[in-house]
Amino acid sequence: AQRVTQPEKLLSVFKGAPVELKCNYSYSGSPELFWYVQYSRQRLQLLLRHISRESIKGFTADLNKGETSFHLKKPFAQEEDSAMYYCALSDWNKLIFGTGTRLQVFP
Amino acid sequence: KAGVTQTPRYLIKTRGQQVTLSCSPISGHRSVSWYQQTPGQGLQFLFEYFSETQRNKGNFPGRFSGRQFSNSRSEMNVSTLELGDSALYLCASSLLGLDNEQFFGPGTRLTVL
């Protein structure tokens, strides 16, 4: 069965430190993978998707099919990055979310 | 352009009642999907509608149903409410489907007493 695993519920770092939010998936095929973010009192919104290969707000994510991972990275965290981050997988007929990781960036 | 809207924002019901939630997608979006968010289970996919047809369905009992109208607005209905149905219900719209960017609404908070 398709599954998305985010092993960390909470990740706390200081401003300027590197950040890596982990995401592993199980899927037999070529999935579409996304990172969604929810800032305090805002709606869930798309941060980035693997096919676009963009860097959004300094974040990047690389799909590693061998390790079935799609980790989200940022070299220097900012306080405004504090939010809830969800990794998601789409196989066209379902959208499956991980349980989310709360990122706290301290000044 | 206006974002996804959901009404009502809050609802309190008792066990056994039924409830209808409404979602208005972004203009031009034909896909509307629904999700249940709870602290224990996280975000779970309920179903997706496209051009007035249910195209995809998650693993929820038949008490959860929905429909989509010709203007792409969608409703979700839960019958015979149970305490465990208490959750935040999110809807999202996209241009073509679940492998496109989803634009989420603010959610409807349902409390079942």
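The model shown is predicted, which means the values in this text are computed figures rather than measured ones.

Participant: Which parts of the structure should I look at to understand the overall build of chain B?
Facilitator: Scanning chain B from terminus to terminus reveals zero helices and 11 strands. For chain B, the C-alpha radius of gyration of 13 Å lies close to 13 Å, the compact-globule estimate for 113 residues. A buried classification covers 51% of the 113 residues belonging to chain B. In chain B, once contacts between residues fewer than 6 apart in sequence are set aside, the share between residues at least 24 apart is 55%. For chain B, the exposed area adds up to about 5,200 Å²; of that, 49% sits on carbon and sulfur atoms. Measuring between centres, the 11 positive side-chain charges of chain B sit 6 Å from its 7 negative side-chain charges.

Participant: Can you walk me through the state of the cysteines in this structure?
Facilitator: By definition, a disulfide links two cysteine residues through a covalent bond between their sulfur atoms. All told, the structure shown has two disulfides over all chains when counted by the stated rule. Covalently, Cys23 of chain A is tied to Cys87 of chain A through a disulfide, its sulfur atoms 2.0 Å apart. Disulfide Cys23 of chain A-Cys87 of chain A: torsion about the S-S bond near -65 degrees, hence left-handed. Of this pair, Cys23 of chain A sits in the loop between β3 (19-21) and β4 (24-26) while Cys87 of chain A sits in strand β9 (residues 83-90), placing them 64 residues apart in sequence. Assigned by exposure class, Cys23 of chain A and Cys87 of chain A land together as buried. Here Cys23 of chain B is linked by a disulfide to Cys91 of chain B, with a sulfur-sulfur distance of 1.8 Å. Looking down the S-S bond of the Cys23 of chain B and Cys91 of chain B bridge, the torsion is 60 degrees, so its handedness is right-handed.

Participant: Would you explain the interface of chain A and chain B in this entry?
Facilitator: Accessible area lost upon the coming together of the parts is a frequently used measure of interface size. Taken together, the 14 residues of chain A in the interface contact 18 residues of chain B. Summed over the three residues of chain A that lose the most area to chain B, namely Arg43, Trp92 and Leu95 of chain A, the buried surface amounts to 36% of that side. The interface formed by chain A and chain B includes zero salt bridges. When contributions to the side of chain A that touches chain B are tallied by element, the ones reaching two or more residues are β5 (32-38), β6 (45-49), β9 and β10 (95-97) of chain A. Here the element with the most residues in the side of chain A that touches chain B is β5 of chain A; it accounts for three residues. Among the residues making up the side of chain A that touches chain B, the classes are represented as eight nonpolar, two polar and four charged.

Calculation notes
Residues numbered from 1 in each chain as written. Chains lettered and ligands numbered in written order. Predicted model: local features only at pLDDT ≥ 70, side-chain atom pairs only at ≥ 80, totals over all residues. Heavy atoms only, no water. Helix = DSSP H or I, 4+ residues; strand = E, 2+ residues; numbered from the N terminus. Rg over C-alpha atoms; globule rule 2.2 N^0.38 Å. Buried < 20%, exposed > 50% of the residue type's maximum accessible area, 1.4 Å probe, protein only. Contact = heavy atoms within 4.5 Å. Areas by Shrake-Rupley, 256 points an atom, 1.4 Å probe, with all protein chains shown as cover. Lys, Arg positive; Asp, Glu negative; His and termini not counted. Charge placed at Lys NZ, Arg CZ, Asp CG, Glu CD. Disulfide = S-S within 2.5 Å. Buried area = accessible area lost by both parts, 1.4 Å probe. Salt bridge = Lys/Arg side-chain N within 4 Å of Asp/Glu carboxyl O. Nonpolar A, V, L, I, M, F, W, Y, C, P; charged D, E, K, R; others polar.

That is the geometry; function is a separate question.
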